[in-house]
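Here is how the chains run, residue by residue.
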Amino acid sequence: MASQFYMRQFTGSRIARLFSSSSTLPQNSNVKVCVVGAGAAGFYTAQQILKAPNTQVDIYESLPVPFGLVRYGVAPDHPEVKNCINTFTAVAKNPRCRYYGNVKLGSDVTFKQFRDAYHAIVLTYGADNERTLGVPGENLKYVLSARQFVNWYNGHPSRIITEDINFDADHCAIVGHGNVALDVARILLAPIDKLKTTDITEEALDALSRSRIKRVSLIGRRGPLQVAFTIKEFRELVKLEGVGSLLDANDFVGIDTSKMQRPRKRLTELMLQTLERNVSAASPAASKVWDLKFLRSPLEFLGDQSNKERVVSIRLAVNRLEDERAVPTGIEETLPTGLAIKSVGYSSSCPDNDIPFDARRGIIENDAGRVRGLPGVYCSGWVKTGPIGVIVSTMNGSFETGANLLDDLTNGVIDSVSPRGGSELIVHQILKSKGVRHVSFEQWEKIAAFETEMGSKKHKSADKVLSVDQMLKIAFS
Ligand SMILES: Cc1cc2nc3c(=O)[nH]c(=O)nc-3n(C[C@H](O)[C@H](O)[C@H](O)COP(=O)(O)OP(=O)(O)OC[C@H]3O[C@@H](n4cnc5c(N)ncnc54)[C@H](O)[C@@H]3O)c2cc1C
Ligand SMILES: NC(=O)c1ccc[n+]([C@@H]2O[C@H](COP(=O)([O-])OP(=O)(O)OC[C@H]3O[C@@H](n4cnc5c(N)ncnc54)[C@H](OP(=O)(O)O)[C@@H]3O)[C@@H](O)[C@H]2O)c1
């Protein structure tokens, strides 16, 4: 529903133009397009390109299973967010679309090989890494990134092991005031019954049910008016059953919501209401508690004197705001913690040196999805914009890229006439010669059916298959 609404919002007259532009493509041409990455951006871009009747879209994905962060990022207690999978499935089932899972750009196929095999290529390989803080102690034991923690509870094949997370700590510190930080805090604090029926892994359920973490501090480098999280997600944290909040009135002195723009105003009002209802950790109603720390930047993660490998505290710089920027005051303080999670953003990498990747900005150099200097090469999603934006914004950006690709086809920017090998070349020659076996969409559906069946036995929506080996075993059985 939402998807249809936004599609209308974005496209409007552009859709009409697309249909007319597709009809001006060379009539007998079969335009072969490949999309690299089967996340939200991959599927939404494919959906747009397939609106032109002469196009064939092949989607390549490094994992056997599709859907990227919708499967491995979105929190398990947000199942409604994953409804977009229905749209992605409809795209994959379009007779002019094919899915090739278990194929990695950079190691199985090079960028050049993809370019040579297709009339156009769209890079949508997302952000599978994380930003670092660049401070000492980041590699201490029990200092994790949010990406590692999220991958762990969502069962990503490359996840860390449970023993790498200190559930015996009293206190967890999360650096960052974004929605991912709130997801992590909520999963750590939520009553276990709220998670039991979701697709969270059994391993995570077990560890979380034994967790001794009683307090989660969310540390932001700026103030209450600069938080990056949104009201819906903050409200969920506020409403967690049996979990209290500890906000500091000093952080809100002088804040006047009367002249604020609406989303920020509502969010700030909710923070102020939460402050008034502060529930102390000592209250019997709240066995666990969270707090927001403002104007604090990590300077160093400190290890145990006797065991330097293990984090015991964070040294923080106290900041002040200057034109909304955090500036250190020179004052420092130390926050004890047995588990530190850095939630300061994901980051994209460059799997092939021929891709014009801007390492500083962490994106592929592009103009509205057209990769600079390479006609016929496009990008969408987080590798186009950086690691920001919800699924709807990723969808709109992907529609933009898809529309620009179709415009370029119509205008002859892309050679759509000379024949290209497409999947015949990539799958049946290159991958075959390397012994790489791909997973089709039907085979992914076998994996999904297995997960649903295993889940139903445990009264869960799904019990995810956790290793690539097992995924392949089920797919090829
Ligand atoms: C923890 C977290 C929770 C989120 N929760 C929400 C939410 O609740 N609601 C919401 O609206 N948005 C949410 N988002 C944002 C949303 O997930 C993103 O906007 C969106 O998923 C980005 O899509 P993408 O296709 O660019 O990236 P991805 O979803 O990451 O897709 C990229 C795909 O490319 C594949 N890939 C990577 N490298 C290669 C390679 N070399 N070769 C082939 N394939 C490759 C990956 O395996 C992946 O499948 C969340 C984000 C995070 C990080
Ligand atoms: N339920 C949902 O809808 C949902 C759930 C999860 C994620 N998402 C979306 O996914 C996107 C990514 O989320 P995210 O939380 O990873 O990123 P984000 O929204 O960009 O938040 C990152 C946070 O890290 C802080 N930060 C960055 N660099 C830092 C540094 N060097 N030192 C200290 N703090 C630093 C930022 O502070 P500054 O503001 O000061 O830079 C910000 O508070 C967002 O668009 C988010 O809305 C949505």
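Residues numbered from 1 in each chain as written. Chains lettered and ligands numbered in written order. Predicted model: local features only at pLDDT ≥ 70, side-chain atom pairs only at ≥ 80, totals over all residues. Heavy atoms only, no water.

The next point concerns the layout of surface pockets. To locate leftover empty space, one rolls a probe as large as a water molecule over the atoms. In this structure, the second largest pocket encloses a volume near 480 Å³. In this structure, the second largest pocket is lined by 20 residues; those nearest its centre are Lys82, Ile85, Asp199, Trp444 and Ala462. Elements with a minimum of two residues in the lining of the second largest pocket: helix H4 (68–72), helix H5 (84–92) and helix H16 (441–457). At six residues, the largest contribution of residues to the lining of the second largest pocket is made by H16. Of the residues that constitute the lining of the second largest pocket, the class distribution is nine nonpolar, five polar and six charged. (1 Å grid on protein atoms, 1.4 Å probe; cavity = no way out; pocket = protein on both sides within 12 Å on 5 of 7 lines; lining within 4 Å. Points joined across faces, edges and corners; volume = space filled by probe spheres on them. Helix = DSSP H or I, 4+ residues; strand = E, 2+ residues; numbered from the N terminus. Nonpolar A, V, L, I, M, F, W, Y, C, P; charged D, E, K, R; others polar.)

With that settled, consider the side chain of serine 343. Its place among the elements puts serine 343 in the loop between strand E14 (339–342) and strand E15 (346–347). Taking the relative accessible area as the measure of exposure, serine 343 reaches 9% and is therefore buried. Within the structure, serine 343 has its side chain in polar contact with the backbone nitrogen of alanine 181 (distance 3.2 Å). Among all residues touching serine 343, those that are not within four sequence positions of it are Ala146, Ile174, Val175, Gly176, Val180 and Ala181. (Buried < 20%, exposed > 50% of the residue type's maximum accessible area, 1.4 Å probe, protein only. Polar contact = N/O pair within 3.5 Å; in protein donor to acceptor, adjacent residues only side chain to side chain. Contact = heavy atoms within 4.5 Å.)

Taken together, 31 residues form the shell around ligand 1, and within it Glu61, Leu69, Trp382, Gly389 and Thr394 come nearest. At a separation of 2.8 Å, an oxygen atom of ligand 1 approaches a polar backbone atom of leucine 69. Contact distances for ligand 1 include 2.9 Å between an oxygen atom and a backbone N or O atom of isoleucine 391. Each residue belonging to the shell around ligand 1 can be placed in one class, and the counts come to 16 nonpolar, 11 polar and four charged. Counting residues domain by domain, the shell around ligand 1 receives three or more from each of domain 1 (2–128 + 348–439) and domain 2 (131–345). (Near = heavy atom within 4 Å. Domains from an automatic or database assignment.)

With that settled, the discussion passes to the pattern of salt bridges. A complete count under the given rule lists 31 salt bridges for this structure. A salt bridge links arginine 186 to aspartate 77; its shortest N-O distance comes to 2.7 Å. Here arginine 186, found in helix H8 (residues 179–189), pairs with aspartate 77, found in the loop between H4 and H5; they are 109 residues apart in sequence, far enough to count as distant. Here the two residues arginine 186 and aspartate 77 agree in accessibility, since each one is buried. (Salt bridge = Lys/Arg side-chain N within 4 Å of Asp/Glu carboxyl O.)

Here we have six strands laid out as an open sheet, ordered E6-E14-E7-E8-E10-E9, and parallel in their pairing. Taken across any chain shown, the strands that pair with only one partner, and hence form the sheet edges, are strand E6 (143–145) and strand E9 (243–245). Direction aside, the axes of adjacent strands within the sheet are offset by 20° on average. Across the face of the sheet, H8 comes into contact with strand E7 (171–175), strand E8 (215–219), E9, strand E10 (288–293) and E14 while running at roughly 175° to E8. (Pairing = 2+ DSSP bridges. Axes fitted to C-alpha atoms, helices over the stretch in contact; angles between N-to-C directions.)

The relative placement of two packed helices comes down to the angle between their axes together with the axis-to-axis distance. Packing of H8 against helix H11 (residues 231–238) brings their axes to within 10 Å, and their N-to-C directions diverge by 20°. Comparing the axis directions of H8 and H11 gives the class roughly parallel. Judged by the twist between their axes, the crossing of H8 over H11 is left-handed. Taking contact as the criterion, the partners of Asn179, Leu182, Ala185 and Arg186 in H8 are, on H11, Glu233, Phe234, Glu236 and Leu237. Split into classes, the residues belonging to the contact of H8 with H11 amount to four nonpolar, one polar and three charged. (Parallel < 35°, antiparallel > 145°, perpendicular 65-115°, else oblique. Left-handed = near helix turned anticlockwise from the far one by under 90°.)

What characterises a pair of aromatic rings is the spacing of the ring centres plus the angle enclosed by the ring planes. Taken as a whole and judged by the stated rule, the model has 17 aromatic pairs. Each ring, one from tyrosine 44 and one from phenylalanine 399, has its centre 5.8 Å from the other, and the planes form 85°; the classification is edge-to-face. Residue tyrosine 44 is located in helix H3 (residues 40–49), and its partner phenylalanine 399 is located in helix H14 (residues 391–410); the two are separated by 355 residues in the primary sequence. For the pair tyrosine 44 and phenylalanine 399, one class covers both residues: buried. Taking the centre distance of 5.4 Å and the plane angle of 40° together, the rings of tryptophan 152 and phenylalanine 167 count as tilted. Of this pair, tryptophan 152 sits in helix H7 (residues 146–154) while phenylalanine 167 sits in the loop between H7 and E7, and the two are 15 residues apart along the sequence. Side by side, tryptophan 152 and phenylalanine 167 carry an identical accessibility label, which is buried. Here a set of aromatic residues connected by ring pairs shows up, and it is made of Phe43, Tyr44, Phe67, Phe88, Phe399 and Trp444. A cation sits over an aromatic face here: arginine 437 above phenylalanine 476, 3.8 Å from the ring centre. (Phe/Tyr/Trp six-rings, centres within 6.5 Å; stacked < 30°, edge-to-face > 60°. Lys NZ or Arg CZ within 6 Å of the ring centre and 35° of its normal.)

Read these as geometric descriptors, not functional statements.
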